[in-house]
Structures are given as structure tokens and as C-alpha cells.
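Residues per chain are reported as follows:
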Amino acid sequence: RWQTIIEEKVPIVFTSAGNPKAYTSQLKEKGITVVHVVSSSKFAIKAEEAGCDAVVAEGFEAGGHNGREETTTMVLIPSVVKAVSIPVIAAGGIATGKQMLAAFALGASGVQIGSRFVATHEASSHINFKNLIVNTKEGDTVLSLKQLTPVRLLKNHFYQQVMDAENKGASIDELKQLLGRGRAKLGMFEGNLEEGELEIGQAAAMLSAIQPAGDVVEEIWKEFLSSSQQLNTTINQR
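Residues numbered from 1 in each chain as written. Predicted model: local features only at pLDDT ≥ 70, side-chain atom pairs only at ≥ 80, totals over all residues. Heavy atoms only, no water.

K.L.:
Lay out the sheet that holds strand S7 (residues 141–144) in plain terms, naming residues and giving numbers.
P.N.:
Strand order in this open sheet of three strands is S4-S8-S7, and the pairing throughout is antiparallel. Taken across any chain shown, the strands that pair with only one partner, and hence form the sheet edges, are strand S4 (64–65) and S7. Taken together, the two bridges between S4 and strand S8 (residues 151–154) define a ladder with antiparallel strand orientation. In the strand pairing of S8, Gly64 is matched with Arg152. Docked against the sheet, helix H8 (residues 157–167) engages S7 and S8, running at close to 40 degrees with respect to S7. (Pairing = 2+ DSSP bridges. Helix = DSSP H or I, 4+ residues; strand = E, 2+ residues; numbered from the N terminus. Contact = heavy atoms within 4.5 Å. Axes fitted to C-alpha atoms, helices over the stretch in contact; angles between N-to-C directions.)

Structure below.
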């Protein structure tokens, strides 16, 4: 795959879920900027040593594949910022301008937002999944499948099957068999809300409508600016 990236002259590549040394040197030799997703300071340091230009520090709140450390974004971001000298992009539980401002206050150079954009008109996710997301409440997502690769899921029949299997002491092979192939596609892209794997972050509980992606960006930016001004006013008053 990295050969195709080089052939197509992709300027920036985000890598994750593996050793950052795997492709970083080949990509950087071609002038490509490489950013690696990490869930701990330990892995952030390894990414910097591998030559990555920046890291995405993704906290426990994030949807989909997650870190085993279960470190929240509030703790992870300042820890990673302190550990490395390259730029840190904050991710995990960020869906609003206020949260973006908080990430900057923690030392991040930028933010990565996932869950909020799943519930947009442009997203390739199934409309059933989008409708479910905007009706999600606090506590409806759980970090599961920790014996394989930790992943944050919405609670449904598949999730309950996983929980029952784990409570019975299922082996890794048994869990792999339960997961099978195409489970995420079945849920998120084909709309089977009971048997599919529904990956979404805790920020889903903050969403109430499916919107155009452009409106989401505009709302986040406007709230970021207004919150920044409000915070400055509050600080100056003190």
C-alpha cells in the first residue's frame, strides 16, 4: 500500500495500530509528512525516534480501536506533549469548539475529530447508524474486546455476545471466531444495528442531529473563537 501512496504523491500520511518504523523511513525519503497515532507517551517517543513528523495522541474516550492503557485525553495530551518535541494532535472525545480550546490549553498543536463527522450527510456510514448515533446517551459506549484489540463500541446484541463470551473466559481464538469477518462493515456501513460492530466515541452522546460537514466545521470554529474570547475576559477580570 505504501508504494501506491508514493506513486500517487500523497503529501501527508497518518499511520496507526503498528510499529511506526514500518513505513516511516520509506515515506519520508519521498518527502511525505508522516503522523502516527499513539495512546501513550511510550509509543509517542517511539514514533518520534522513528522519524515521524507529529503524533496524534488519542485518549480513552475515542471510538473504534483504542489504547490498552485506557488513559483519558485530559491526562494523555499533557503527558505526550511533555514526552516529545514534535507536534501533538489531540484526539478522543473532542467534538466541539470548547473541547478544541481545552486541547490547545493542554499543549496540543491541533485536534483530530472523528465521531462528530460520522453523523454528517457526507459520511459513508449507513443512515441507520447515523440515526442511532444522534440518539446515543452517556454510557452507551463501552471499551470491549480487550483481549484482542481494544475497541469502543455501542451496546447492542453483538456487544452482549462479546461480553457473555468474555465473562465465560473465552479464548482469543473463540473471540476471533465470534468477531468473524466484516463485522464492522455489517454494522456501520450496511446498517445492521444488532449484529454489526458499531464503533463510535463517547462524544456521540453530545450529538443531536445529522448535519452537513461544512456546518460542523463552522460551528466548531465559531465556538472555539467565542470560547477563547470568553476565557480571556474571565482571566482578565481576575
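Next, the rest of the story.
K.L.:
Please provide a residue-by-residue account of helix H5 (residues 97–105), values included.
P.N.:
Where H5 is concerned, the buried positions are Gly97, Met100, Leu101 and Ala103. Burial along H5 is one-sided: seen end-on, the buried residues are contained in an arc of 160 degrees. For H5, the exposed residues set more than 90 degrees away from the buried face come down to Lys98 and Ala105. (Buried < 20%, exposed > 50% of the residue type's maximum accessible area, 1.4 Å probe, protein only. Arc of directions from axis to C-beta.)

K.L.:
Could you give me a rundown of the environment of Ser208, with the residues and numbers involved?
P.N.:
Counting through the fold element by element, Ser208 comes out in the loop between helix H10 (183–189) and helix H11 (213–237). Each C-alpha atom of the pair Ser208 and Val13 lies 32 Å from the other, and the pair is 195 residues apart in sequence.

K.L.:
Give a description of the pairing of strand S1 (residues 12–15) that names residues and reports values.
P.N.:
Judged by which residues are buried, S1 turns out to be one-sided: Val13 and Thr15 face inward and are buried, whereas Ile12 and Phe14, on the alternate face, are not. Since S1 and strand S2 (residues 33–38) lie parallel, the crossover through helix H2 (residues 24–29) that links them has a hand, and here it is right-handed. (Right-handed = clockwise from strand over helix to strand, strands pointing away.)

K.L.:
I'd love a proper account of the nonpolar core, names of residues and values included.
P.N.:
Within the largest apolar cluster, 27 residues are counted, with the highest numbers of intra-cluster contacts made by Leu27, Val55, Ala57, Val80, Val84, Val88 and Ala90. Those elements that provide at least two residues to this core are S2, helix H3 (41–49), strand S3 (54–58), helix H4 (73–83), strand S5 (88–91), H5 and H11. The next biggest cluster of nonpolar side chains, apart from the first, holds 11 residues, and it includes Val118, Phe129, Val134 and Leu154. (Core = buried A, V, L, I, M, F, W, Y, C linked by side-chain atoms within 4.5 Å.)

K.L.:
Which residues make up the packing of H3 against H4, and what values go with them?
P.N.:
Pairs of packed helices are described in terms of their axes, by the angle between the two and the distance that separates them. Running from N to C, H3 and H4 cross one another at 35 degrees; their axes reach a closest spacing of 9 Å. Pair H3 / H4 crosses with right-handed handedness. Residues Ser41, Ala44, Ile45 and Glu48 of H3 lie in contact with H4, whose contacting residues are Leu76, Ser79, Val80 and Ala83. Here the contact of H3 with H4 is composed, by residue class, of five nonpolar, two polar and one charged. (Left-handed = near helix turned anticlockwise from the far one by under 90°. Nonpolar A, V, L, I, M, F, W, Y, C, P; charged D, E, K, R; others polar.)

K.L.:
So what about the sheet that holds S1? Which residues, and what values?
P.N.:
On the basis of which strands lie adjacent, the open sheet formed by five strands has the order S1-S2-S3-S5-S6 and parallel pairing. The sheet is open, and its two borders are formed by S1 and strand S6 (110–112), each paired with just one other strand. Averaged over all neighbouring strand pairs, the angle between strand axes comes to 25 degrees, with direction disregarded. Sheet topology note: the S5/S6 ladder contains three bridges and is parallel. Note that in S6 the partner of Ala90 across the bridge is Val111. Taken strand by strand, H3 contacts S2 and S3, and its axis lies near 165 degrees from that of S2.

K.L.:
Please set out the pattern of salt bridges residue by residue, giving values where relevant.
P.N.:
Applying the stated criterion across every chain, the model contains five salt bridges. The partner of Arg116 in a salt bridge is Glu219, and the shortest N-O contact between them spans 2.6 Å. Taken together, the positions of Arg116 in helix H6 (residues 115–118) and Glu219 in helix H11 put the pair 103 residues apart, joining distant regions of the chain. Where Glu195 meets Arg183, a salt bridge forms, and the shortest distance between an N and an O atom there is 3.8 Å. Here Glu195 is found in the loop between H10 and H11, whereas its partner Arg183 is found in helix H10, with 12 residues between them in sequence. What makes Glu195 partly exposed here is its relative accessible area of 28%. (Salt bridge = Lys/Arg side-chain N within 4 Å of Asp/Glu carboxyl O.)

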